[in-house]
Amino acid sequence: MFALMPLWWALGAFYLGWSVLGVVLLALLVARGRVPLPAGTACWLLFLALVLLSATRLDRATAYFTFGLRYGFLVTALVVGVYVYALVREGVAWERVLRPLGWYWLGVVALGWLAVLAPTLTLTTPVELVLPHAISGERFVQALTHVRVNEFNPVSRTPIYRTAAPYPYTNNWGTAYALLVPCVLAYLTSVRTGRFRTVLWVSLPLSVVPAFLTLNRGMFLGLGAGLVYLGLRALLRGNARLIVSIAGLVLLVWVVSLVVPVQDMINARVSTTDTNVDRMDLYLRTWQAVERSPLLGYGAPKSVDTTLAEEPLGTQGLIWQILYSHGIPALVVFLSWLVLVARRLAAAVSPAGYWLSTIPVIALVVIPVYAYIDPNLSVIFFGVGAGLAAVAGPVNRPALGPSAMSRPAPLTPWRTRGFGRAAVPGRRRPSATAGVAAVPLRLAGRPGAAAPPTGAAAQPASDRSDRSDRSEHPEHPERPDRPDRSERPGPAAGSAPVPPRPRPPADPPLATPPAGIDADRGGTP
């Protein structure tokens, strides 16, 4: 879905086929059975209900197609968020979860460079050819299916080529860039090895050139707000490493700005166009229309002849699109969802969680000027779903199960090694000095005693000491459940036979007992 984005773009199915891919993802969710839901799901479902209710205000047959397409983006975004959230909560590796979004980022950067190298490239896609003319002739659908890599004015003598591919408009590319940068940094700070990580590191500085050529002031504003928010969090928590990372990113942007005169290009564009005047007039006309239908809106943006701009009412910003198309209550619920997830992600403490927590902040900052009811909304839910899962549970770890430390261990006499094992002392009795190998000393001092055989000599001193101690003191009660694991050394050749002394099986060999145990057995601690 995300990794093959360049292919969907070349086929003309990037926008029209996105909801179809969402249906496939929904089928996978249903097949998994019961799945956890991230915070804010109920709020988003309420927003979907209000949007669906506004469809009663549609007055054109073609408007139902565009409404269904936008509504599909809203539902698909929720499915993506729930799927990613469930994967992380189930313990799927963090690298595996974020990798599709990394491929999506690489596709955006690659197509951005295609726009830099071939600024006039356009393609007639297969989807554009198979659609009925009544649908493909719509301006909105034409922009989605007819591929072009840049947005520019074709009648201008000195056109300004602004990066757009794989999106129909350059503002969508800038929005995607502002939202994807935190996701890429979240991957780089959580995955430490791999060739894919190296490729992402290389792509970051390369992406700045096509990003600057978009001349998107809203993109710079959104990224700047996200970095300021993250910097304040790092200062409050004393996270020096994060502050250094932010400073490095700002330094990279400054170095590239020395090569690409982005500020001069933005000033030249503003001075040769009426973009600011057109936007303000469009916003004013949109608000006047909202006052006539504040609860449900009009279902979808609509073109009118009373504005200076060519764009329809309810465009050039998500706030205006929701206000005009779905009404004031829908906008309140949408903003509530963004604030809710932003507050929830503010609890993140991991490096990846820090970067992902900036996504709702960036989305809040850009909504007055940019709209993202398109695949970019799925990018938001992808990052938010991963971030919420990081806050709610462990990241990149298997699900917690019963620990081996929590299982009860059987009581073992004279053992205190490990957790859960109790020492069960016997009766106090005299014994050799703690830590002295008693068996060899007794054999050496006994008349006619022979050296122990090779097998016995190779055993640890504590093993021989423990068995000798038990034979020296027959009054010690033995336990019949301990089998004897070695042979006692026999008498030397020529000596008088010694009748065997009956004894029960000995305990298994131990190292030098702890001081407390020796004290109970009469030794010196």
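Presented here is a report on the structure given in the accompanying data block. (Residues numbered from 1 in each chain as written. Predicted model: local features only at pLDDT ≥ 70, side-chain atom pairs only at ≥ 80, totals over all residues. Heavy atoms only, no water.)

**So, the packing of helix 9 (residues 170-190) against helix 19 (residues 375-392)**
Stage number 1. Interaxial distance between helix 9 and helix 19 falls to 10 Å at its minimum, and their mutual angle equals 15°. For the element pair helix 9 / helix 19, the angle class is roughly parallel. The interaxial crossing formed by helix 9 with helix 19 has left-handed handedness. Facing helix 9, whose interface residues are Asn 172, Thr 175, Ala 176, Leu 179, Leu 180 and Cys 183, helix 19 presents Asn 376, Val 379, Ile 380 and Gly 383. (Axes fitted to C-alpha atoms, helices over the stretch in contact; angles between N-to-C directions. Helix = DSSP H or I, 4+ residues; strand = E, 2+ residues; numbered from the N terminus. Parallel < 35°, antiparallel > 145°, perpendicular 65-115°, else oblique. Left-handed = near helix turned anticlockwise from the far one by under 90°. Contact = heavy atoms within 4.5 Å.)

**So, the packing of aromatic side chains**
Two descriptors summarise a pair of aromatic rings, namely the distance from one centre to the other and the angle between the planes of the rings.
Stage number 1. Taken as a whole and judged by the stated rule, the model has 23 aromatic pairs.
Stage number 2. Between the aromatic rings of Tyr 15 and Phe 73, the centroid separation amounts to 5.7 Å while the plane-to-plane angle is 90°, which identifies the pairing as edge-to-face. Residue Tyr 15 is found in the loop between helix 1 (5-11) and helix 2 (18-32), and its partner Phe 73 is found in helix 4 (residues 61-89); the two are separated by 58 residues along the sequence.
Stage number 3. With a relative accessible area of 4%, Tyr 15 lands in the buried category. (Phe/Tyr/Trp six-rings, centres within 6.5 Å; stacked < 30°, edge-to-face > 60°. Buried < 20%, exposed > 50% of the residue type's maximum accessible area, 1.4 Å probe, protein only.)

**Brief notes about a nonpolar patch on the surface**
Stage number 1. A cluster of nonpolar side chains, contributed by Leu 251, Trp 254, Val 255, Leu 258 and Val 259, occupies part of the molecular surface with about 550 Å² of accessible area.
Stage number 2. Among the structural elements, Val 255 can be located in helix 12 (residues 240-259).
Stage number 3. The class for Val 255 is partly exposed, based on a relative accessible area of 40%. (Patch = residues over 30% accessible without salt bridge, like charges linked within 9 Å, V, L, I, M, F, W, Y side chains within 5 Å. Areas by Shrake-Rupley, 256 points an atom, 1.4 Å probe, with all protein chains shown as cover. Salt bridge = Lys/Arg side-chain N within 4 Å of Asp/Glu carboxyl O.)

**Concerning empty space enclosed by the protein**
Stage number 1. The final tally for this structure, using the stated rule, is 8 cavities of 30 Å³ or more.
Stage number 2. Estimated volume of the largest cavity: approximately 90 Å³.
Stage number 3. Every residue lining the largest cavity is counted, 14 residues in all, and those nearest its centre are Trp 9, Ala 143, Leu 144, His 146 and Pro 166.
Stage number 4. Counting only elements with at least two residues in the lining of the largest cavity, the list comes to helix 1, helix 8 (139-145) and strand 2 (146-148). (1 Å grid on protein atoms, 1.4 Å probe; cavity = no way out; pocket = protein on both sides within 12 Å on 5 of 7 lines; lining within 4 Å. Points joined across faces, edges and corners; volume = space filled by probe spheres on them.)

**A word on the nonpolar core**
Stage number 1. Judged by nonpolar contacts, the single largest core of 126 residues is most densely connected at Trp 44, Tyr 104, Trp 105 and Tyr 372.
Stage number 2. Sorting elements by how many residues they give to this core places helix 4 first, with 16 residues. (Core = buried A, V, L, I, M, F, W, Y, C linked by side-chain atoms within 4.5 Å.)

**Concerning the environment of Ile 373**
Stage number 1. Here Ile 373 lies in the loop between helix 18 (359-366) and helix 19.
Stage number 2. By relative accessible area, which is 12% here, Ile 373 ends up buried.
Stage number 3. C-alpha of Ile 373 to C-alpha of Ile 322: the two residues are 51 residues apart in sequence and 9.8 Å apart in space.
Stage number 4. With sequence-adjacent residues up to four places away left out, Ile 373 is seen in contact with Arg 70, Phe 73, Leu 74, Leu 318 and Gln 321.

**A closer look at the side chain of Asn 150**
Stage number 1. Within the fold, Asn 150 resides in strand 3 (residues 150-151).
Stage number 2. From its side chain, Asn 150 meets the backbone oxygen of Ala 115 in a polar contact 2.8 Å long.
Stage number 3. Of the polar contacts made by the side chain of Asn 150, one reaches the backbone oxygen of Pro 119; its length is 3.1 Å.
Stage number 4. Leaving out residues up to four positions away in the same chain, Asn 150 has contacts with Ala 115, Ala 118, Pro 119, Tyr 161, Arg 162, Thr 163 and Ala 164. (Polar contact = N/O pair within 3.5 Å; in protein donor to acceptor, adjacent residues only side chain to side chain.)

**Describing the pattern of salt bridges**
Stage number 1. Under the definition given, this model contains 5 salt bridges.
Stage number 2. Two residues, Asp 59 and Arg 60, come together in a salt bridge whose shortest N-O distance is 3.9 Å.

**Description of unusual backbone geometry**
Stage number 1. The omega torsion of the bond from Ala 165 to Pro 166 falls at 10°, within 30 degrees of zero and hence cis.
Stage number 2. Position of Pro 166 among the secondary structure elements: in the loop between strand 4 (162-163) and helix 9.
Stage number 3. One non-glycine residue, Leu 215, lies in the positive phi region at around 60°.
Stage number 4. By secondary structure assignment, the location of Leu 215 is in the loop between helix 10 (195-213) and helix 11 (217-237).
Stage number 5. Its identity is not glycine, yet Gln 316 carries a phi of approximately 65°, on the positive side.
Stage number 6. Assignment of secondary structure puts Gln 316 in the loop between helix 14 (275-292) and helix 15 (318-326).

**Thoughts on the packing of helix 16 (residues 328-345) against helix 19**
Stage number 1. With their axes 9 Å apart at the nearest point, helix 16 and helix 19 run at an angle of 40° to one another. Comparing their axes, helix 19 and helix 16 come out oblique. Helix 19 is crossed by helix 16, and the crossing has left-handed handedness. Residue-level inspection shows Trp 337, Val 341, Arg 344 and Leu 345 of helix 16 in contact with helix 19, the latter providing Ile 380, Phe 381, Val 384, Gly 387, Leu 388, Val 391 and Ala 392.
Stage number 2. Classifying every residue of the contact of helix 16 with helix 19 gives 9 nonpolar, 1 polar and 1 charged. (Nonpolar A, V, L, I, M, F, W, Y, C, P; charged D, E, K, R; others polar.)

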